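# Tertiary structure, described
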Amino acid sequence: MWKEENNTLTKTFEFDDFVSAFGFMSKVAIVAEKMNHHPNWSNVYNKVSFELNTHDAGGKVTDKDHKLAEAIDKLA
């Protein structure tokens, strides 16, 4: 479940291994580029963490962030 706090949507996904996590990131990158909305994210081994907000809206969570979060969930 995505958590909204401090003007950011956050969530961490855990996978079986690094290759699975990296594959997920590759899929997210393609979708994010198509949406022209790029996440702030990090990867450590099998975990991928996201922090979403909209810089053009002053760093607040917008509909763009919720739509990207929904798309990310579908890829997991």
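Only a predicted model underlies this, so the values are computations on that prediction, with no experimental measurement involved.

About the cut-offs
- Throughout this description, residue numbers start from 1 for each chain and increase along the sequence as written.
- For a predicted model such as this one, the threshold for reporting local features is a pLDDT of at least 70, and the threshold for listing and counting side-chain atom pairs is 80 or more; totals across whole chains, interfaces and linings nevertheless cover every residue.
- Hydrogens and water are ignored here; the side-chain numbers use all heavy atoms of the structure.
- Nine residue types can take part in a nonpolar core, namely buried Ala, Val, Leu, Ile, Met, Phe, Trp, Tyr and Cys, and a core is a set of them joined through side-chain atoms within 4.5 Å.
- Working definition: with a 1.4 Å probe on protein chains only, accessible area under 20% of the residue-type maximum means buried, over 50% means exposed, and in between means partly exposed.
- Counting from the N terminus, the helices are DSSP H or I runs at least four residues long and the strands are E runs at least two residues long.
- Whether two residues touch is decided by their heavy atoms; if any such pair falls within 4.5 Å, the residues are in contact.
- Any two strands with at least two DSSP bridges between them are considered paired.
- Salt bridge, as applied in this entry: a Lys or Arg side-chain nitrogen positioned within 4 Å of an Asp or Glu carboxyl oxygen.
- All tallies of charge rest on Lys and Arg as positive and Asp and Glu as negative; His and the ends of each chain are not included.
- In protein, a polar contact requires one atom able to donate a hydrogen and another able to accept it; more generally it is a pair of N or O atoms within 3.5 Å, and residues adjacent in sequence count only if both atoms are side-chain atoms.

Here we take up the nonpolar core. W2, F13, F24, V48, F50, L52 and I72 are the most contacted members of the largest nonpolar core, which totals 16 residues. Breaking this core down by element, the ones donating at least two residues are β2 (8-14), α1 (18-35), β4 (47-52) and α2 (63-75). Among the elements that take part in this core, α1 stands out by supplying 5 residues, more than any other. Apart from residues no more than four positions distant in its own chain, L52 is found in contact with W2, N7, T8, L9, P39, V61, D65, L68, A69 and I72.

Right, let's talk about the pairing of β2 for a bit. Judged from the 3 bridges that link them, strand β1 (residues 3-5) and β2 form a sheet pairing that is antiparallel. Looking at the pairing, E5 lines up with T8 of β2. Joining the antiparallel neighbours β1 and β2 is a turn of 2 residues, in which N6 adopts a positive phi near 50°. Relative to β4, β2 runs antiparallel, the two sharing 6 bridges. Its bridge partner being in β4, L9 is matched across the sheet by L52.

Before going further, it helps to examine the pattern of salt bridges. Taken as a whole, this structure holds 4 salt bridges when the rule is applied. As a salt-bridge pair, D63 and K67 come within 3.2 Å of each other at their nearest N and O atoms. Of this pair, D63 and K67 are both found in helix α2, 4 residues apart, which corresponds to roughly one turn of the helix. Residue D63 is classed as partly exposed on the basis of its relative accessible area, which comes to 48%. Classification of K67 as partly exposed rests on a relative accessible area of 48%.

Here we take up the side chain of D65. Mapping D65 onto the fold places it in helix α2. For the buried D65, no salt bridge exists, and the shortest N-O distance to an oppositely charged side chain is 7.8 Å, to K64. A distance of 3.3 Å separates the side chain of D65 from the backbone nitrogen of N53, its partner in a polar contact. Beyond its immediate chain neighbours, meaning those up to four positions away, D65 contacts L9, H37, L52, N53, T54 and K60.

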